[in-house]
Amino acid sequence: MAHRPIALLLGGLALLAGPPASYAQEAATVAQPPARRLPYAQVAVVDIPTILQQATAMRTIQQQLDVQKDQLQRDVAQQQEGLRQAEQELARLRQTVAVEEFDRKRTEFETQVSATGRALQERTRRLDIAFNQARNSVINTLDQVIAEVAKESGATLVISRQFIVYQSGAAGDITAEVLERLNGRLPQVTVSVPPPT
């Protein structure tokens, strides 16, 4: 009899704690709305690296960049030759002028070397900016063309080919059409090198 109040107390605590776990899970399952089914995606595939390699606009950009790089290499070679001659002259002066005069000439030479290096870095930076701007104009147009072709073909999702592990056949591949339309819309891009700052 002495244990009965304890049993009643434990039973009351169990009621306060809530229903058993299995009952709570069933109640939660019933209370949840049914899962919403998403529509199936109509998938198109495009080979972006191939398009960027074969696009006429990208080829014109590369040709212009090659011309700029060739000119830069010629200019650098000419500057290096000038610095080499200045260094030889400095070595010759070491034997014929006073120490103060030689130190002044050496400082001038070192300043010239530093300035040449900075000018080369600045010119390379401007070439990089020009190339990236030209490439971005191609990519922006490519994005628009992909969206248009996808919409016209009824695709709701476009995946770049390099992310596909397996594909059966060439179904849904819009690469050729995108490349043709990109070439028609953007046959060339002019690389504009910004002026020195």
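Residues numbered from 1 in each chain as written. Predicted model: local features only at pLDDT ≥ 70, side-chain atom pairs only at ≥ 80, totals over all residues. Heavy atoms only, no water.

(A) View of the nonpolar core. Ranked by size, the top nonpolar core spans 24 residues in total, and within it Ile51, Ile61, Val138, Leu142, Val178, Leu182 and Val189 carry the most contacts. In this structure Val189 touches Ala57, Thr60, Ile61, Gln64, Ala134, Ser137 and Val138, once residues within four positions along its chain are discounted. (Core = buried A, V, L, I, M, F, W, Y, C linked by side-chain atoms within 4.5 Å. Buried < 20%, exposed > 50% of the residue type's maximum accessible area, 1.4 Å probe, protein only. Contact = heavy atoms within 4.5 Å.)

(B) Here's a closer look at the pattern of salt bridges. If you walk through the whole model with that rule in mind, you get 14 salt bridges. Connected through salt bridges with shared partners, the residues Glu148, Glu152, Glu177, Arg181 and Arg185 form a single ionic network. (Salt bridge = Lys/Arg side-chain N within 4 Å of Asp/Glu carboxyl O.)

(C) Main features of the packing of helix α4 (residues 56-94) against helix α5 (residues 99-153). Remark: α4 packs on α5, axes separated minimally by 11 Å, with the N-to-C direction vectors making an angle of 175°. It follows that α4 is roughly antiparallel to α5 by the angle criterion. Taken together, the residues that form the contact of α4 with α5 break down as 18 nonpolar, seven polar and seven charged. (Axes fitted to C-alpha atoms, helices over the stretch in contact; angles between N-to-C directions. Helix = DSSP H or I, 4+ residues; strand = E, 2+ residues; numbered from the N terminus. Parallel < 35°, antiparallel > 145°, perpendicular 65-115°, else oblique. Nonpolar A, V, L, I, M, F, W, Y, C, P; charged D, E, K, R; others polar.)

(D) Highlighting the confidence of the model for the chain. This prediction gives the chain a mean pLDDT of 85; 83% of its residues lie at or above 70. Averaged pLDDT values for the elements of the chain fall to 47 in helix α1 (residues 4-17) and rise to 96 in helix α6 (residues 175-185). Segment residues 12-17: pLDDT under 50, and zero contacts once partners within four positions in sequence are set aside and those in other chains are kept. (pLDDT = per-residue confidence, 0-100.)

(E) Up close: α6. Looking at α6, one finds that the buried residues are Thr175, Val178, Leu179 and Leu182. Buried residues of α6, seen end-on, are gathered within an arc of 100° and therefore sit on one face of the element. For α6, exposure combined with an orientation more than 90 degrees from the buried face picks out Ala176, Glu180 and Gly184. Lining the buried residues of α6 we find β1 (43-46), α3 (48-54) and α5. (Arc of directions from axis to C-beta.)

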